[in-house]
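# Coordinate inspection notes
These are the residues of each chain, in order.
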Amino acid sequence: MAAEGDVVAQVLRRRANPTELLQILRETQEKLGWISPETGRAIASALGVPATRVESVVEFYSFLYDRPQGRYRILFSDNITDRMLGSLALFEHMLKRLKLKRGEVSPDDGVSVDLTSCTGMCDQGPAVLVNSRAVTRLTARRVDEICDLVRGGVPIAEWSSDYFRVEDNVRRADALLGSRYEPGSALSAAIALGRQGMLDEMKRSNLRGRGGAGFTTAVKWESCRNAPGADRFIVCNADEGEPGTFKDRVLLASYPERVFEGMAIAGFVVGAARGLLYLRGEYRYLLEPLMAKLEAMRRGRLLGASICGAQGFDFDIDIHLGAGAYICGEESALIESLEGKPGKPRIRPPFPVTVGYLGKPTVVNNVETLAQATEIALYGGRTFAGRGTRRSSGTKILSVSGDCARPGLYEYPFGVRVEQVLKDCGTSDVAAVQVSGPSGVCLTPDEFRRHVAFEDVPTAGAFMVFGKDRDLFEVARNFAHFFAHESCGFCTPCRVGTTLMRDALDKIADGRGSRYEINDLMRLAELLRRTSHCGLGQTAGNPVRDTWAKFRPAYERRLIRGEFDPAVDLDAALARAREIAGRDDAAAHIGAEA
Ligand code: SF4
């Protein structure tokens with residue numbers, strides 16, 4: 001207990017604000033392994049908040065634990081593309097080798113093995129997180145080696161660095177990924193343009209948010225700048241949780257100065273002095289390198305007071321780490337999380353540009369959007385708008401995974417045809433492409449001439465390829481499990497509806513489903529679309545609707561006679577009645593034509 005008290009005191013010396021509760025809990029857990037009731041109460045008392053607030057945060061985030069964990073916590077990425085690479089067999093193999101059941105902690109080795117949502121390594125899966133560090137390209141041999149290391153009690157710091165090698169896999173670079181970049185050049189260019197001049201360039205560029213919604217960035221920045229109040233914030237949404245998306249991982253790993261300078265340029269335009277980057281918990285391994293980059297930028301006067309010598313241009317950045325909640329990618333849920341609360345979407349309006357972080361005007365932009373702002377500062381809005389289409393300017397980075405020879409990042413001007421991407425990444429016999437993750441759209445070959453653009457096939461970046469031998473019913477079922485797991489529980493249609501959808505698909509998979517379940521699924525999908533509070537619930541029915549419409553045989557072959565299968569044979573039960581009545585004509589039988 002004394003050790004626990006010391007740890008809590010140590011963490012609170014650096015962070016003593018209730019808005020940092022999530023970070024306090026995360027840092028405490030990194031030292032103690034879990035958040036015991038005593039630890040939770042000590043934190044609550046020191047912060048002056050009810051213990052129930054601490055409990056609600058611990059309960060909400062899947063990477064916070066309210067019971068002891070093993071020294072080694074192993075989480076298998078359960079995205080469909082990891083499954084296609086054999087992750088489930090490897091998961092079972094590891095459980096068997098370690099003589100464990102899913103989720104249990106072994107008393108001797110102090111290890112637990114479980115599944116988690118997509119970890120953003122789809123281009124180099126199957127992947128696992130071992131104490132928050134990503135291990136990629138898992139094979140049966142690698143699983144055996146990890147089991148031996150765990151059994152031998154070898155500290156993770158002594159494991160081969162090859163296990164933790166994460167590659168960028170940039171396969172096609174365009175304006176953003178392909179250009180040479182001089183650190184500080186975009187900031188200097190923005191300062192030379194002036195605040196209004198930079199905003200005007202943003203307007204000319206017609207840059208739209210790369211996180212999926214496609215809102216015009218300049219409108220967001222201007223609305224925030226014009227909102228009443230003295231303090232403003234710039235938030236970079238690096239909670240890249242959409243299964244199949246990993247572009248932000250690469251931007252943060254290899255192009256961080258462009259992201260940070262994009263944040264500073266946004267701060268310059270709107271008059272914000274502080275930025276917050278919300279990094280998804282699955283990318284914990286990027287935290288130290290990103291902190292080091294921030295330090296280097298401060299030393300180079302690219303952050304801090306009077307940036308690049310410009311009097312009055314003060315801006316600095318903090319990094320907050322998420323803790324395994326997909327819904328925090330929704331901008332208002334992300335702000336709740338930044339404020340140290342469970343990440344549940346707010347009721348809007350008001351929108352974050354007027355009432356955001358701590359109730360102050362806040363711009364929330366995606367990693368890629370902010371990186372693109374540096375390009376606009378350097379080359380101007382017109383040059384930027386000269387690429388792509390009229391309504392979708394600039395380039396878009398796609399995270400390509402699944403059945404293709406060259407998974408990785410592909411940057412194209414907007415408007416590229418789906419068939420071009422398929423050709424470039426090396427595919428044959430493609431049955432379907434899921435664009436923009438489970439909440440996106442499932443395209444079949446007759447749609448491959450469509451264009452990736454906001455006006456045709458919009459996307460946050462995921463591009464998952466499924467070959468002819470893939471079972472699209474299982475794809476939809478995997479997505480249904482994802483939505484049921486990630487629903488935040490705030491509104492009833494989504495909380496209950498996603499669970500019912502998952503259960504109905506499981507029933508069909510077990511061979512116990514009928515047309516009744518199909519009708520129910522379609523009804524639920526529509527109900528979710530109309531009545532859910534946020535995008536997660538509104539789009540949760542998309543995969544089942546799409547695959548039922550386009551891959552019906554995958555469902556029909558699993559259905560019981562395609563119709564409801566009664567448990568009682570009513571016609572047989574009426575045999576005695578027919579005997580007494582002396583009738584055996586067709587009309588005396590159930591189901592017979594009159
Ligand atoms: Fe939460 Fe789902 Fe409602 Fe969104 S739709 S607020 S994820 S319960």
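### Brief notes about the pattern of salt bridges
Inspection of every chain in the model, using the stated rule, returns 59 salt bridges. The salt bridge involving Arg83 is made with Asp78; its shortest N-O contact spans 2.7 Å. For Arg83, a relative accessible area of 29% puts it in the partly exposed group. Between Glu447 and Lys550 there is a salt bridge whose closest N-O contact spans 3.1 Å. Here Glu447 is found in the loop between strand S13 (441–443) and strand S14 (462–467), whereas its partner Lys550 is found in helix H22 (residues 542–550), with 103 residues between them in sequence. Glu447 sits in the buried class, given a relative accessible area of 14%. Using a relative accessible area of 29% as the deciding quantity, one classes Lys550 as partly exposed. Here the salt bridges do not stand alone but share partners, grouping Arg14, Arg15, Glu20, Arg26, Glu27, Glu30, Arg284 and Glu288 into one network.

### Some points on the sheet that holds strand S12 (residues 430–435)
As summarised here, the arrangement of the six strands in space is S5-S11-S10-S14-S12-S13, forming an open sheet in which the pairing is mixed. The sheet terminates laterally at strand S5 (170–172) and S13, the two strands that pair on one side only. The mean inter-strand angle of the sheet, taken between neighbouring strand axes irrespective of direction, is 30 degrees. In the sheet, S12 pairs with S13 via three bridges, with the strands oriented antiparallel. By the bridge assignment, Val433 is partnered in S13 with Leu443.

### Some thoughts on the pairing of S14
Within S14, six of the six residues are buried, leaving the element largely enclosed by the surrounding structure. Residues Ala462, Met464 and Phe466 line one face of S14 and the alternating positions Phe463, Val465 and Gly467 line the opposite face, and both faces are buried. Summarising the sheet, S12 and S14 pair through five bridges and their orientation is antiparallel. Note on S14: the bridge partner recorded for Gln434 is Met464.

### Digging into the site of the ligand
Cys488, Phe490, Cys491, Cys494 and Cys534 are the nearest of the 13 residues found near the ligand. When the residues that make up the shell around the ligand are grouped by side-chain class, the tally is eight nonpolar, five polar and no charged.

### Focus: the side chain of Glu201
Tracing the backbone through its elements, the reader meets Glu201 in helix H9 (residues 195–205). Assessed through its relative accessible area of 14%, Glu201 is described here as buried. With residues near it in sequence (within four places) discarded, Glu201 still touches Leu193, Ile376, Gly380, Gly381 and Arg382.

### Observations concerning the sheet that holds strand S3 (residues 128–130)
Strand order in the open sheet formed by four strands is S2-S1-S3-S4, and the pairing between neighbours is mixed. Edge strands, defined here as strands with exactly one partner in the open sheet, are strand S2 (111–116) and strand S4 (133–135). Here the strands of the sheet are splayed against their neighbours by 25 degrees on average, with no regard to which way each runs. Against the sheet, helix H7 (residues 140–151) touches strand S1 (72–77), S2 and S4, its axis set at about 165 degrees to S1.

### So, the nonpolar core
In terms of nonpolar packing, the biggest core is built from 77 residues, with Leu25, Tyr61, Leu64, Phe466 and Tyr555 touching the most fellow members. Per element, the largest residue contribution to this core is eight residues, and it comes from helix H18 (residues 472–486). Look past the residues within four positions of Phe466 in its chain and what remains in contact with it is Ile80, Met84, Asp403, Val430, Ala431, Ala432, Gln434, Leu472 and Val475. Listed in part, the 62 residues of the second largest apolar core include Ala190, Met198, Tyr255 and Leu287.

### Structural notes on the pairing of strand S9 (residues 362–366)
Buried residues dominate S9, accounting for five of its five residues. Burial of S9 is two-sided: the residues Thr362, Val364 and Asn366 facing one way and the residues Val363 and Asn365 facing the other way are all buried. Across five bridges, strand S6 (residues 233–238) lies against S9 in parallel orientation. Following the sheet pairing, Phe233 is matched in S9 by Thr362.

### As for the domain arrangement of the protein chain
By the assigned domains, the protein chain splits into domain 1 (2–60), domain 2 (72–167), domain 3 (172–176 + 183–385), domain 4 (395–470) and domain 5 (473–556). A separation of 23 Å is found between the C-alpha centroids of domain 4 and domain 5. Each partner contributes to the interface: domain 4 provides 13 residues, whereas domain 5 provides ten residues. Together domain 4 and domain 5 conceal approximately 840 Å² of surface at their shared face, both sides included; 71% is due to carbon and sulfur atoms.

### Description of the side chain of Asn237
On the secondary structure map, Asn237 appears in strand S6. We classify Asn237 as buried; its relative accessible area is 13%. A distance of 3.0 Å separates the side chain of Asn237 from the backbone nitrogen of Asp239, its partner in a polar contact.

### Quick notes on the environment of Ala173
Mapped onto the elements of the fold, Ala173 is located in the loop between S5 and helix H8 (185–193). Residue classification places Ala173 among the partly exposed residues on the basis of a relative accessible area of 39%.

### Structural notes on a nonpolar patch on the surface
Together, Leu570, Leu574 and Ile590 make up an exposed nonpolar region whose accessible area comes to about 260 Å². Secondary-structure assignment places Ile590 in the segment after helix H25 (575–581).

### A few points about the environment of Pro493
Positionally, Pro493 belongs in helix H19 (residues 492–509). Residues Pro493 and Leu528 lie 35 residues apart in sequence; the distance between their C-alpha atoms is 5.9 Å. If we skip the residues at most four places from it in the chain, Pro493 touches Thr498, Leu528, Thr531 and Ser532.

### A short note on unusual backbone geometry
For the bond running from Arg348 to Pro349, omega is 0 degrees, close enough to zero to count as cis. Within the secondary structure, Pro349 is located in the loop between helix H14 (331–338) and S9. In the Ramachandran plot, Ser132 falls in the positive-phi region, its phi being about 75 degrees despite a non-glycine side chain. Structurally, Ser132 is set in the loop between S3 and S4. In this structure Ser132 comes out as partly exposed when scored by relative accessible area, which is 28%. Look at Arg137: it is not a glycine, yet its phi comes out positive at around 50 degrees. Here Arg137 is to be found in the loop between S4 and H7.

Reading guide: rules and limits
Residues numbered from 1 in each chain as written. Predicted model: local features only at pLDDT ≥ 70, side-chain atom pairs only at ≥ 80, totals over all residues. Heavy atoms only, no water. Salt bridge = Lys/Arg side-chain N within 4 Å of Asp/Glu carboxyl O. Buried < 20%, exposed > 50% of the residue type's maximum accessible area, 1.4 Å probe, protein only. Helix = DSSP H or I, 4+ residues; strand = E, 2+ residues; numbered from the N terminus. Pairing = 2+ DSSP bridges. Axes fitted to C-alpha atoms, helices over the stretch in contact; angles between N-to-C directions. Near = heavy atom within 4 Å. Nonpolar A, V, L, I, M, F, W, Y, C, P; charged D, E, K, R; others polar. Contact = heavy atoms within 4.5 Å. Core = buried A, V, L, I, M, F, W, Y, C linked by side-chain atoms within 4.5 Å. Domains from an automatic or database assignment. Buried area = accessible area lost by both parts, 1.4 Å probe. Polar contact = N/O pair within 3.5 Å; in protein donor to acceptor, adjacent residues only side chain to side chain. Patch = residues over 30% accessible without salt bridge, like charges linked within 9 Å, V, L, I, M, F, W, Y side chains within 5 Å. Areas by Shrake-Rupley, 256 points an atom, 1.4 Å probe, with all protein chains shown as cover.

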